[in-house]
Amino acid sequence: SAVISQKPSRDICQRGTSLTIQCQVDSQVTMMFWYRQQPGQSLTLIATANQGSEATYESGFVIDKFPISRPNLTFSTLTVSNMSPEDSSIYLCSVESGVGTGELFFGEGSRLTVL
Amino acid sequence: DAKTTQPPSMDCAEGRAANLPCNHSTISGNEYVYWYRQIHSQGPQYIIHGLKNNETNEMASLIITEDRKSSTLILPHATLRDTAVYYCIVRVATYGQNFVFGPGTRLSVLP
């Protein structure tokens, strides 16, 4: 299993500002995944972050809005840029077990409210 | 788009078995069925997965039909703490392959 810590756990932000969410894993992993969960909705994958390469973004998500860093095998950040109220969501970091079973482990999420 | 169909909500009496169905009629031969759940205000939690055989672990049992077009997650003795949204996902078991979450089933375990 993997233990994932996210910071901040929640924040209230002003429109037009940016916020960086940190994700720390207790073991080295090749891929880290960032999901968004809008209020009352299911999870949507934003991007996949590989160490040493550019993140791969899903349709509807762009690097300028959600820049991602992956400086090493245990850490990643997601920035939500130029926020608007529509960005109010829970942002979740996850990793795969990596042993072929395909189990995903999730952090507790970062709940952002944009005023 | 999610490849699965689940009822939006279900109720279950505490102590009884909760049987959560999932339809995945377009599942491919190399795709597994995964179940996750999300308790309010927490990140999703892995429950179980399988390819074609029935599977059981300490949390639940997974029953997959012979044609693999549907499956049922069974919580044998539901407790109030099992109240959550349950997600059924089909996916190739390749490292890094995307998990597509549908709306899931909101299970309410009633006292």
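The structure reproduced in this document is the subject of the present report. Computed from a predicted model, the values in this text were never measured in an experiment.

Details of unusual backbone geometry
(1) Moving on: Cis rather than trans, the peptide bond between Lys7 of chain A and Pro8 of chain A has omega equal to -5°.
(2) Moving on: Structurally, Pro8 of chain A can be placed in the loop between strand E1 (4-7) and strand E2 (10-13).
(3) Moving on: Of note, Asn82 of chain A is a non-glycine position whose phi angle comes to about 45°, a positive value.
(4) Moving on: On the secondary structure map, Asn82 of chain A appears in the loop between strand E8 (75-80) and strand E9 (89-96).
(5) Moving on: One non-glycine residue with positive phi stands out, namely Arg68 of chain B, at about 65°.
(6) Moving on: Within the element layout of this structure, Arg68 of chain B appears in the loop between strand E6 (61-64) and strand E7 (70-75).
(7) Moving on: On the accessibility criterion, Arg68 of chain B (10% relative accessible area) is buried.

Things to note about the interface of chain A and chain B
(1) Moving on: With 22 residues of chain A in contact, the opposing surface of chain B contributes 21 residues.
(2) Moving on: Summing both sides of the interface, chain A and chain B together bury roughly 1,700 Å²; the carbon and sulfur share of this comes to 52%.
(3) Moving on: Applying the counting criterion to the chain A and chain B interface returns 1 salt bridge.
(4) Moving on: Across the pair Arg91 of chain B and Glu96 of chain A runs a salt bridge, and its minimum N-O distance is 2.9 Å.
(5) Moving on: Applying the counting rule to chain A against chain B returns 6 residue pairs in polar contact (both at pLDDT 80 or more).
(6) Moving on: Every element with two or more residues in the side of chain A that touches chain B is listed here: strand E4 (31-37), strand E5 (43-50), E9 and strand E10 (104-106) of chain A.
(7) Moving on: In terms of residue count, the dominant contributor to the side of chain A that touches chain B is E4 of chain A (4 residues).
(8) Moving on: A class-by-class count of the residues in the side of chain A that touches chain B yields 9 nonpolar, 8 polar and 5 charged.

What counts and how
Residues numbered from 1 in each chain as written. Chains lettered and ligands numbered in written order. Predicted model: local features only at pLDDT ≥ 70, side-chain atom pairs only at ≥ 80, totals over all residues. Heavy atoms only, no water. Helix = DSSP H or I, 4+ residues; strand = E, 2+ residues; numbered from the N terminus. Buried < 20%, exposed > 50% of the residue type's maximum accessible area, 1.4 Å probe, protein only. Contact = heavy atoms within 4.5 Å. Buried area = accessible area lost by both parts, 1.4 Å probe. Salt bridge = Lys/Arg side-chain N within 4 Å of Asp/Glu carboxyl O. Polar contact = N/O pair within 3.5 Å; in protein donor to acceptor, adjacent residues only side chain to side chain. Nonpolar A, V, L, I, M, F, W, Y, C, P; charged D, E, K, R; others polar.

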